[in-house]
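Structure at a glance
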Amino acid sequence: MFDKYERFDMKKPPEYPKLRLLSYGIALIDKFTHKIKINKKGIKGIKPPYLLLANHNAFMDIKVMTLATFPHPKNYVIAIDGYLNREKLIRMIGGICKRKFTTDLQLIKQLEYSVAHKRVPVIFPEARYSLCGTTAILPPSLGRLCKHLNIPVVVLMMHGHHINSPFWNLHDRKVKGLQAEIKCIATKRELAELSVDEINERIHDAFQYDEYKWQKDNNIHITYKGRAEGLHKVLYQCPHCKTEYRMDSKGTQLFCKACGHTWEYSELGELHAIEGETYFSHIPDWYEWERDNVRKEVEAGTYHFEGEVHTSMMPKDKFIPIGNGYLIHDMNGFKLTGEFEGEKYEVVLPAGMHYGVHIEYEYLGKYGDCVDLNTLDNTYYVYPHGEDFAVTKFSLACEEIFKYLHNKK
Ligand SMILES: [Zn+2]
């Protein structure tokens, strides 16, 4: 029933990136204000085309990447959200459109085109900003893609961007001393000798990061008075009373509305209970504990969410509201049903097909938390009602169900 809407043209080849000098100029300002240091290792003599893989924590990533690779012409794989109301501009800077977490053969063609034109295809394989400053799940298809493109693989690992502007509260903390390292992890000759698994292993090794550890190691103090605000979006379950969805935050504190347990969030990014046990002082440890709890539900076959939602979709580069619907997420995957203009619709994302799902906190500052459901030709932004849910849990559950189903095979 949504067929009448115009779709994004995924087949149009990626453009030669214009505005490179302008982007470089803008990036230079950040280089000085954030005192960015870039360490270039083993990339001497590497010229386009090469495949650039980078970790993804904040918008700052694009600027640091510009600094690290200027003047090489790049084609960025950018999710459809990036094109909102500005398709022309994103095409002009060399964007390749992708709907997140879909298996899209058209993407391969676009990357091949970029390589054939001696450019640098850029992929953020985590496909989203990391939720809590640690490596997000990587697509298992990456090693095969590297072998197929048959060009050197370069990794750009950036540090401090999550600490400066975490996904759960984007406020710019004005961190100084951001660091990045760019290095070649596989030359063309090595690609020919390595197996797909070995390439994946190299990528996994290069992508290990923990921004809260980096913060402590580099003694970065965040004095921002609202620094804990939003942290409850990631840390949605209380380790003291185990209640879900009742965590909240204000100023420099994180607390549970069910039992009152309260943590102070230090300038160095550590949590300390005001009274009683701290449980987790390191944010990623708390997050992984939540993942363990979700995994137990998945293994027991009891993981289940259902509830009313409101939804919009983005077939091209604009939101189209499609009213209220009903979302079910369980061992079978996501199922969204609703009615629009008098007709019923159903969107199904089978669990075994999607290794991850994209979520947003307070999307664009006005819509609340949502989960994005992507098919090959449409994206649905789904906002559950009430407070008995956490989109973070959808994300964890999606990953754990996928792993569970594939391990079983
Ligand atoms: Zn509690």
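Residues numbered from 1 in each chain as written. Predicted model: local features only at pLDDT ≥ 70, side-chain atom pairs only at ≥ 80, totals over all residues.

1. Some thoughts on the overall build of the protein
- Of regular secondary structure, the protein possesses 11 helices and 18 strands.
- At 21 Å, the protein has a C-alpha radius of gyration in line with the 22 Å of a compact globule built from 409 residues.
- For the protein, the spread of C-alpha atoms along the three principal axes comes to 60 × 55 × 40 Å.
- With 409 residues in all, the protein has 40% of them scored as buried.
- Once local pairs closer than 6 in sequence are excluded, the contacts in the protein between residues at least 24 apart make up 65%. (Helix = DSSP H or I, 4+ residues; strand = E, 2+ residues; numbered from the N terminus. Rg over C-alpha atoms; globule rule 2.2 N^0.38 Å. Buried ≥ 20, exposed ≤ 12 C-beta atoms within 10 Å, placed from the backbone. Contact = placed C-beta atoms within 7 Å.)

2. Looking at the sheet that holds strand β6 (residues 153-159)
- The 7 strands lie next to each other as β1-β7-β6-β2-β5-β3-β4, forming an open sheet whose pairing is mixed. On the outer flanks of this sheet lie β1 (37-41) and β4 (95-98), each paired with one strand and no other. When the angles between neighbouring strand axes are averaged without regard to direction, this sheet yields 25°.
- Alignment of strand β2 (residues 51-54) against strand β5 (residues 120-123), held across 2 bridges, turns out to be parallel. Looking across to β5, one finds that Leu53 is bridged to Ile123.
- Together, β1, β2, β3 (74-79), β5, β6 and β7 (179-186) form the strand contacts of helix α2 (residues 60-69), whose direction differs from that of β6 by roughly 130°. (Pairing = 2+ DSSP bridges. Axes fitted to C-alpha atoms, helices over the stretch in contact; angles between N-to-C directions.)

3. Focus: the nonpolar core
- Within the largest apolar cluster, 99 residues are counted, with the highest numbers of intra-cluster contacts made by Leu52, Leu156, Leu254 and Val382.
- For this core, the element with the highest residue contribution is helix α11 (residues 391-408), accounting for 7 residues.
- What Leu254 contacts, discounting residues up to four positions off in sequence, is Ala228, Leu231, His232, Leu235, Met247, Ser249, Trp263, Tyr265 and Leu271. (Core = buried A, V, L, I, M, F, W, Y, C linked by C-beta atoms within 7 Å.)

4. Section: α11
- For α11, with 18 residues, the first-to-last C-alpha span of 26 Å sits near the 26 Å given by 1.5 Å per residue.
- When α11 is considered as a whole, its buried residues turn out to be Val391, Thr392, Lys393, Phe394, Ser395, Leu396, Ala397, Cys398, Glu399, Glu400, Ile401 and Phe402.
- Those residues of α11 that are buried are in contact with α10 (283-300), β13 (320-330), β16 (358-360) and β17 (370-374). (Expected span 1.5 Å × (residues − 1).)

5. Some words on helix α5 (residues 142-149)
- Along α5, the residues that are buried comprise Leu142, Gly143, Leu145 and Cys146. Viewed along the axis of α5, the buried residues span an arc of 160°, placing them on a single side of the element.
- Phi turns positive one or two residues past the end of α5, at Asn150, with a value near 55°. (Arc of directions from axis to C-beta.)

6. Comments concerning the sheet that holds strand β15 (residues 343-350)
- On the basis of which strands lie adjacent, the open sheet formed by 7 strands has the order β15-β14-β13-β12-β18-β17-β16 and antiparallel pairing. Here the strands that pair on one side only, and so sit at the sheet edges, are β15 and β16. Across the sheet, the mean angle from the axis of one strand to that of its neighbour is 30°, orientation sign disregarded.
- Sheet contacts for α11: β13, β16 and β17; angle to β16, the most-contacted strand, approximately 170°.

7. Quick notes on the domain arrangement of the protein
- Along its sequence, the protein is organised into domain 1 (20-217), domain 2 (231-281) and domain 3 (303-408).
- Summarising the inter-unit geometry, the C-alpha centres of domain 2 and domain 3 are found 27 Å apart.
- The interface is formed by 5 residues belonging to domain 2 together with 8 residues belonging to domain 3.
- Class assignment for the residues of the side of domain 2 that touches domain 3 results in 3 nonpolar, no polar and 2 charged. (Domains from an automatic or database assignment. Nonpolar A, V, L, I, M, F, W, Y, C, P; charged D, E, K, R; others polar.)

8. Focus on the pairing of strand β9 (residues 253-256)
- Inspection of the sheet shows strand β8 (residues 247-250) paired to β9 by 4 bridges, in the antiparallel sense. Its bridge partner lying in β9, Met247 is registered against Cys256.
- Linking β8 back to β9 in an antiparallel pair, the connection comprises 2 residues, with Gly251 at a positive phi of about 60°.
- Where β9 and strand β10 (residues 262-265) come together, 3 bridges link them in antiparallel fashion. The residue bridging Phe255 from the neighbouring strand is Thr262, located in β10.

9. Observations regarding unusual backbone geometry
- For the bond from Pro48 to Pro49, the omega torsion is 5°, close enough to zero to count as cis.
- Positionally, Pro49 belongs in the loop between β1 and β2.
- Here the bond from Phe70 into Pro71 is cis, since omega is 5°, no more than 30 degrees from zero.
- Among the structural elements, Pro71 can be located in the loop between α2 and β3.
- Not every positive phi belongs to a glycine, and Glu341 is a case in point at roughly 50°.
- Mapped onto the fold, Glu341 is located in the loop between β14 (333-340) and β15.
- We classify Glu341 as exposed; it has 8 C-beta atoms within 10 Å.
- Positive phi outside glycine occurs at Glu362, with the angle close to 45°.
- Mapped onto the elements of the fold, Glu362 is located in the loop between β16 and β17.

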